[in-house]
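# Reading the structure
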Amino acid sequence: TLENEDIGVYARSIQSGKWFLLNVIGQKAINFFTFFVLARLLDPRDYGVIGIVLLILGFMDQVTNPSFGQALMREKRSIEHYLDPYWTFEIIRYTVIAIALFFSAGAIGNFFHFQGTESTLLRWSGSLLLIAAFGNVRQLYLQKNLQFEKLFIRDIVGQVAFAIAAVCFALFVQPTVWALFVGYLGSYVISVILTHFLYPSRPAFSFRFAPLRDLVSYSKWVYGQNLLDVVLAQFDKLIVGRLLNPTSLGLYSKGKDLASMTTSIMSSMIAKVGFAAIAKVQDQMDKVRRGFLKSIDVLLLGGLPVTLLLLLEGGMIVSLLLGSKWLGLVIPLKIFAFGNLFLAFVRIVNPVLAALGRPDVNFKTNVIQTIISVPSMVIGYRLAGIQGLASAVVFTWIFLLVYVIIRARPVLNIAVRAFVPAVVSGSLACLGVFLVDIAGRPFIHALAMPWVTVVWIGGLIALYFICLFAVSRRFSGGPWETLVSIWRTL
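Being a predicted model, the structure only gives us computed values, none of them experimental. (Residues numbered from 1 in each chain as written. Predicted model: local features only at pLDDT ≥ 70, side-chain atom pairs only at ≥ 80, totals over all residues. Heavy atoms only, no water.)

### Brief notes about the overall build of the protein
Within the protein, the regular secondary structure consists of 18 helices and zero strands. Each of the 490 residues in the protein was classed as buried or not, and the buried ones make up 52%. Within the protein, contacts between residues separated by at least 24 positions form 84% of all contacts whose residues are at least 6 apart in sequence. Roughly 21700 Å² of accessible area belongs to the protein as shown, and the carbon and sulfur atoms make up 68% of that amount. (Helix = DSSP H or I, 4+ residues; strand = E, 2+ residues; numbered from the N terminus. Buried < 20%, exposed > 50% of the residue type's maximum accessible area, 1.4 Å probe, protein only. Contact = heavy atoms within 4.5 Å. Areas by Shrake-Rupley, 256 points an atom, 1.4 Å probe, with all protein chains shown as cover.)

Pasting the structure below:
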């Protein structure tokens, strides 16, 4: 039972988490449906090319991003006098990126074996970031005040715009990578327009950048952490894109993305909502600890069962939904499905430390990850190709989790016994699903009927939650109790 003073932030966090979860699930569902349609029209190479384009954009964005936004999110005082200079700074920054990319696209395209008009697409891709810069900077208040229902509208409408633009271009103009670019263009334009309706106060140009200096002491650690995040998240794709070709990158990257679909939903929700909520109670460690334990329960409720299903039935799912030309992503899919659980736990800890004013720990964690992951990726790729590369990435995630636990324990000071309900519940539920799947798999695979596969997958998910319920009868606390608490709060 929560204490009365906990109910305010807890209830607001649950309600915000509801909208954030609906937001991310809605975006993932639309994105997956769009991919399901476009996978029949486009080739893996097209997804490899757009993956490289997004990789370049993300890297150039993060290298020049001083991370003032996260510093403003944590600021308890009024942030109004920062916003117009911040908005102006972002427009200038993205203009410089767009110009630099326009003139360097040819050399970058040659590096990644681009053909035909693919380098032209890269040349104009900087316009995506520039368009985004004109969004309403005061949308920061929506997240800061946990008003995720408005962010839900912005993101879902933007994702629908992507789906409509991309599918229509592929069907009626040409089924090439340009369909994906047009989809992103439509999404960015619509999302930017919506930000000015959802928060009606308009930004204005201001070149008084002096107040932004106040944010540097906090944002410098966040900048370093975010920069390393981008490098570490994309370095393996850089290896595949350079040493092989965009087709191999398309299979590899989609396997990695699909494997993280559920865990990224859960960890993103916890990171976005949890950071804002914990920042409000950062001086009350009992509430922080309870919130952290509930975050682990939430991850076990959503991320663990889907990860288990991908490990057990990933090949059957890919064959059913995407077709034979995408079977090359099955092995990376399964390797990353296993590893993403470890990464998701790391991503739960990061926003907690950041909200508690310890972004330096996150930065140092990423430095350690860089030292380990870069050589291990190169070695893994040389020994076993794409499979070895994926395994090396997962190895670094496991090591990183151990390191993060060691560093976070003195900050959070949570007793080991507090984790027992979550560990026992998740382990026994996974064991039950594993045994049933092993016993029934030969019969289900022999039938090879789509409707039987769908029913089988749904039954395994139901079994997982039945096991959680059964374990909850023996243990107090844990994922099932958190699920009941969330349901009652909603």
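### Section: helix H17 (residues 450–472)
Here H17 contains 23 residues, and its C-alpha end-to-end distance of 34 Å stays within 8% of the 33 Å for a straight helix at 1.5 Å per residue. Among all positions of H17, only Val 452, Thr 453, Trp 456, Ile 457, Leu 460, Tyr 464, Cys 467, Leu 468, Val 471 and Ser 472 are buried. (Expected span 1.5 Å × (residues − 1).)

### Side note on the packing of helix H13 (residues 285–321) against helix H14 (residues 330–355)
For the pair H13 and H14, the least separation of the axes is 9 Å and the interaxial angle reads 175°. By the angle between their directions, the pair H13 and H14 is classed as roughly antiparallel. (Axes fitted to C-alpha atoms, helices over the stretch in contact; angles between N-to-C directions. Parallel < 35°, antiparallel > 145°, perpendicular 65-115°, else oblique.)

### So, the pattern of salt bridges
The tally for this structure, following the rule as stated, stands at eight salt bridges. The shortest N-O distance in the salt bridge between Arg 93 and Asp 61 comes to 2.9 Å. Here Asp 61 lies in helix H2 (residues 44–63) and Arg 93 lies in helix H4 (residues 80–111), a separation of 32 residues in the sequence. Neither Arg 93 nor Asp 61 differs from the other in exposure class; each is buried. Asp 155 is paired through a salt bridge with Arg 154; the nearest N and O atoms lie 2.7 Å apart. (Salt bridge = Lys/Arg side-chain N within 4 Å of Asp/Glu carboxyl O.)

### Examining H14
With 26 residues, H14 extends 37 Å from end C-alpha to end C-alpha; this agrees with the ideal 38 Å at 1.5 Å per step. If you look at H14, its biggest bend is around 30°, right at Asn 340. Counting buried positions over the 26 residues of H14 gives 20, a clear majority of the element. (Bend = angle between axes of the 7 residues up to and from the residue.)

### Some remarks on the packing of H2 against H4
At a closest axis distance of 11 Å, the pairing of H2 and H4 adopts a crossing angle of 135°. Between H2 and H4, the angle is such that the two are oblique. In this structure, the crossing between H2 and H4 has a hand that is right-handed. Counting all contacts with H2, which are made through Ile 56, Leu 57, Met 60 and Asp 61, the residues of H4 involved are Arg 93, Tyr 94, Ile 97, Ala 100, Leu 101 and Ile 108. (Left-handed = near helix turned anticlockwise from the far one by under 90°.)

### Here's the deal with the environment of Val 318
Locating Val 318 in the fold gives a position in helix H13. Under the relative-accessibility criterion, Val 318 is labelled buried at 4%. Placed 12 residues apart in sequence, Val 318 and Val 330 show a C-alpha to C-alpha distance of 7.1 Å.

### What to know about the packing of aromatic side chains
Tallied over the entire structure, the rule returns 16 aromatic pairs. Plain terms: the ring middles of Trp 87 and Phe 134 are 6.3 Å apart, the flat faces sit at 85° to each other, and that makes the pair edge-to-face. One end of the pair, Trp 87, is in helix H4; the other, Phe 134, is in the loop between helix H6 (126–133) and helix H7 (140–144), with 47 residues separating them in the sequence. Ring centres of Tyr 252 and Phe 336 lie 5.5 Å apart, and the angle between their planes is 80°; on these two criteria the pair is classed as edge-to-face. Here Tyr 252 is found in helix H11 (residues 246–259), whereas its partner Phe 336 is found in helix H14, with 84 residues between them in sequence. A single burial state applies to Tyr 252 and to Phe 336, both of which are buried. Within the aromatic cluster, the residues linked to one another by ring pairs are Trp 87, Phe 134 and Phe 205. In this arrangement the basic side chain of Arg 93 is found over the ring face of Tyr 94, its NZ or CZ atom lying 4.4 Å from the centre. (Phe/Tyr/Trp six-rings, centres within 6.5 Å; stacked < 30°, edge-to-face > 60°. Lys NZ or Arg CZ within 6 Å of the ring centre and 35° of its normal.)

### Some words on a nonpolar patch on the surface
A grouping of Ile 153, Val 157, Val 189, Ile 190, Ile 193 and Phe 197 is seen on the molecular surface, where their side chains present a nonpolar patch of about 480 Å² in accessible area. Among the secondary structure elements, those contributing two or more residues to the nonpolar patch are helix H8 (148–172) and helix H9 (177–198). In terms of residue count, H9 provides more of the nonpolar patch than any other element does, four residues in total. Within the secondary structure, Ile 190 is located in helix H9. On the accessibility criterion, Ile 190 (31% relative accessible area) is partly exposed. (Patch = residues over 30% accessible without salt bridge, like charges linked within 9 Å, V, L, I, M, F, W, Y side chains within 5 Å.)

### Some details on the nonpolar core
Counting 75 residues, the largest nonpolar core has Ile 56 and Trp 326 as the members making the most contacts within it. Ranked by the residues each element gives to this core, the list is headed by H4, at 10 residues. If near-sequence neighbours (up to four positions away) are discounted, Trp 326 is found in contact with Phe 35, Ala 39, Asp 43, Pro 44, Tyr 47, Gly 250, Leu 251, Lys 254 and Val 318. Within the second largest apolar cluster, 41 residues are counted, among which are Ile 296, Leu 301, Ile 348 and Ile 414. (Core = buried A, V, L, I, M, F, W, Y, C linked by side-chain atoms within 4.5 Å.)

### As for unusual backbone geometry
In terms of backbone geometry, most residues other than glycine have negative phi values and most peptide bonds are trans. Phi at His 113 is positive, roughly 65°, even though this residue is not glycine. Within the secondary structure, His 113 sits in the loop between H4 and helix H5 (118–124). Of the residues examined, His 113 reaches a relative accessible area of 31% and is grouped as partly exposed.

### Some thoughts on the environment of Val 378
Mapped onto the fold, Val 378 is located in helix H15 (residues 359–412). Taking the C-alpha atoms as reference points, Val 378 and Phe 235, 143 residues apart in sequence, are found 9.9 Å from one another. Once you skip the residues sitting within four places of it in the chain, Val 378 turns out to touch Phe 235 and Ile 239.

### Here we look at the side chain of Asp 46
Position of Asp 46 among the secondary structure elements: in helix H2. Despite its burial, Asp 46 remains without a salt bridge, the nearest opposite charge being carried by Arg 45 at 6.0 Å. Not counting the four nearest positions on each side in its chain, Asp 46 is found in contact with Pro 175, Thr 176, Val 177 and Leu 180. (Lys, Arg positive; Asp, Glu negative; His and termini not counted.)

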